Amino acid sequence: MQVVLLDKHNYHNFQPLLYQVSTGGLEPDSIAYPIRKVLQGYPNFYFRLAKVMAIDPTSRKVKTNIGEINFDYLVVAAGSETNFFGNENIETKGMAMKTIPQSLNLRSLILENFEQALLTDDLHERDALMNFVIVGGGPTGVELAGALAEIKKGILPKDYPDLDTRRAQINLIQSGERILPAMSGQASRKAEHFLERLGVNVWKNIRVTDYDGNKVTTNTETSFESATLVWAAGVQAVSIKGLDAKEVLCRGNRLKVNEFHQLEGFQNIFAIGDVAQMETETFPHGHPMMAQPAIQQGRNLGDNLVRLIDGKPMKPFVYKDKGSMATVGRNKAVVDLPKFRFQGVFAWFVWMFVHLYFLIGFRNRVVVFINWVYNYIRFDREARLIIRPYKKQNQGLKNQLKKGS
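Given the structure is predicted, the values throughout are model-derived calculations rather than measurements. (Residues numbered from 1 in each chain as written. Predicted model: local features only at pLDDT ≥ 70, side-chain atom pairs only at ≥ 80, totals over all residues. Heavy atoms only, no water.)

Some thoughts on the nonpolar core
- Among the nonpolar cores identified, the biggest contains 64 residues, and L17 and L195 are the most heavily contacted of them.
- Those residues in contact with L17, other than ones at most four positions away along the chain, are L26, I31, W351, H355, L359, V368 and W372. (Core = buried A, V, L, I, M, F, W, Y, C linked by side-chain atoms within 4.5 Å. Buried < 20%, exposed > 50% of the residue type's maximum accessible area, 1.4 Å probe, protein only. Contact = heavy atoms within 4.5 Å.)

So, in structure tokens, the structure goes:
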């Protein structure tokens with residue numbers, strides 16, 4: 001027996017901390033870990049750096065850019081990607097923050113905008129360069145908005161003494177009635193209070209409809225002129241050719257599976273994590289597209305595959321909700337546990353402990369912890385480096401602004 005793992009990257013990245021890479025709090029190698037190092041010591045376990053092009057369930061073949069691979073059992077855990085809901089302008093001219101390269105692009109763009117703001121004499125253009133719009137009031141949007149607000153307050157005045165950084169604006173736009181809709185109302189209200197204290201403009205019941213690289217259009221009369229739009233308004237499962245039949249696809253490209261993670265209509269193909277939709281009474285539209293369901297599903301399926309090979313019956317999956325949390329900034333976080341809810345400094349320490357615990361690798365935990373302690377004491381983020389300059393597809397911001405004014 002052999003197990004083959006395919007991935008287009010040779011590392012696993014810890015997505016909950018991507019926003020800290022984007023805002024210069026951490027370097028990407030502190031939240032990434034080599035896959036081959038994870039697999040060291042496991043016999044008959046192989047890794048191949050490859051991109052899956054299609055799956056042929058009938059002939060039991062996985063077609064990749066390095067050739068075809070036969071399988072007896074297949075586990076699909078391709079995860080999710082940013083969902084732009086068909087808006088091509090936002091997809092091409094906005095910024096996503098789902099991968100490490102995207103986070104590095106966003107970091108470069110943020111810093112480049114301030115450098116460019118120093119060089120322009122046009123006040124209108126300068127304001128647009130320092131105006132940030134974050135679409136989506138979930139944990140990603142809230143945490144990014146809080147981090148940018150802290151940069152504006154504690155770092156920009158020292159980095160750019162000859163620039164009036166007080167004019168910088170951070171706007172968080174949520175289409176629903178409250179931010180952090182998946183958490184309790186208490187957590188939502190407290191998070192909004194924290195953001196407003198940090199100077200973030202929280203806009204609710206507003207839906208962004210278009211973005212031309214400069215102007216953010218909404219379904220109301222409110223619009224924003226901004227050189228940076230960060231889209232954190234939703235995700236969808238990664239689509240895989242060959243597993244895209246209507247009978248197995250659910251909303252958001254998720255694959256319909258039973259309580260044993262088996263794909264609808266197949267005994268030897270399984271799906272877990274964001275890409276899978278297991279419908280239950282508690283979760284009629286599938287489990288939340290978060291880390292905990294994926295971790296628990298992975299462990300359950302691993303045990304079931306061993307049981308299947310040994311000829312034993314498989315165990316159905318039962319999700320245990322361990323709660324959710326989000327940080328808003330320094331000493332500010334909200335935590336919802338099954339039996340307790342709390343906010344503030346203690347919640348912030350709990351958030352840090354949990355995220356350090358789930359990081360892979362002792363070195364990564366130490367590096368992140370030291371960075372957090374240093375940043376807390378010095379109120380600084382020293383990874384403010386434009387290592388790889390990023391150029392947006394839309395050029396000529398000043399000309400666009402003049403045309404629109």
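Some points on the sheet that holds strand β11 (residues 169-174)
- Taking strand neighbours across the sheet as the criterion, the 4 strands line up as β12-β11-β10-β16 in an open arrangement whose pairing is parallel. One side of each edge strand has no neighbouring strand; the edge strands of this open sheet are β12 (201-204) and β16 (228-231). Pairwise comparison of adjacent strand axes, ignoring direction, gives a mean angle of 20° for this sheet.
- Examined bridge by bridge, β11 and β12 share 4 bridges and lie parallel to one another. What sits directly across from L172, in β12, is V202.
- Here helix α4 (residues 100-119) sits on the sheet and contacts β10 (131-135) and β16; the angle it forms with β16, its principal contact strand, is near 160°. (Pairing = 2+ DSSP bridges. Helix = DSSP H or I, 4+ residues; strand = E, 2+ residues; numbered from the N terminus. Axes fitted to C-alpha atoms, helices over the stretch in contact; angles between N-to-C directions.)

Comments concerning the environment of Y42
- Relative to the helices and strands, Y42 is located in the loop between α2 (35-39) and β4 (45-49).
- Put simply, Y42 and V3 are 39 residues apart on the chain and 9.8 Å apart in space, counted from C-alpha to C-alpha.

Quick notes on the packing of aromatic side chains
- Counted under the stated rule, the structure contains 11 aromatic pairs.
- Seen in terms of ring centroids, W348 and F349 are 5.4 Å apart; in terms of plane orientation they differ by 65°. Their pairing is edge-to-face.
- Taking the relative accessible area as the measure of exposure, F349 reaches 46% and is therefore partly exposed.
- Ring-pair connections join several aromatic residues into one group, and the members of that group are F114, F132 and Y160. (Phe/Tyr/Trp six-rings, centres within 6.5 Å; stacked < 30°, edge-to-face > 60°.)

Comments concerning the environment of A383
- Among the secondary structure elements, A383 is positioned in the loop between α11 (362-378) and α12 (397-404).
- With 363 residues separating them in the primary sequence, A383 and Q20 have C-alpha atoms 9.6 Å apart.
- Discounting residues that sit within four places of it in the chain, A383 has contacts with G24, L26, E27 and R107.

Details of the sheet that holds strand β14 (residues 215-218)
- As summarised here, the arrangement of the 3 strands in space is β13-β14-β15, forming an open sheet in which the pairing is antiparallel. Of all the strands in the sheet, just β13 (208-211) and β15 (223-225) have a single pairing partner and so form its edges. Going from strand to strand, the sheet's axes swing by 20° on average, the running direction of each strand aside.
- Across 3 bridges, the pairing between β13 and β14 is antiparallel. Paired with D210 across the strands is T217, a residue of β14.

Side note on empty space enclosed by the protein
- Under the criterion given, the structure shown has 4 cavities of 30 Å³ or more.
- Volume-wise, the largest cavity comes out at about 330 Å³.
- Forming the boundary of the largest cavity are 21 residues, of which E150, R330, W348, N375 and R381 lie nearest the centre.
- Elements represented by at least two residues in the lining of the largest cavity include exactly α1 (18-22), α6 (139-154), β21 (324-329), α10 (345-358) and α11.
- Of the residues belonging to the lining of the largest cavity, the class tally is 10 nonpolar, 6 polar and 5 charged.
- The calculated volume of the second largest cavity comes to roughly 80 Å³.
- In this structure, the second largest cavity is lined by S22, T23, G24, R107, I110, L111, F114, I151, L156 and R384.
- Residues that form the lining of the second largest cavity fall into these classes: 5 nonpolar, 3 polar and 2 charged. (1 Å grid on protein atoms, 1.4 Å probe; cavity = no way out; pocket = protein on both sides within 12 Å on 5 of 7 lines; lining within 4 Å. Points joined across faces, edges and corners; volume = space filled by probe spheres on them. Nonpolar A, V, L, I, M, F, W, Y, C, P; charged D, E, K, R; others polar.)

Remarks on α4
- The end-to-end C-alpha separation of α4 is 29 Å, in line with the 28 Å expected for 20 residues at 1.5 Å each.
- The buried fraction of α4 amounts to 14 of the 20 residues, a majority that puts the element mostly inside the structure. (Expected span 1.5 Å × (residues − 1).)

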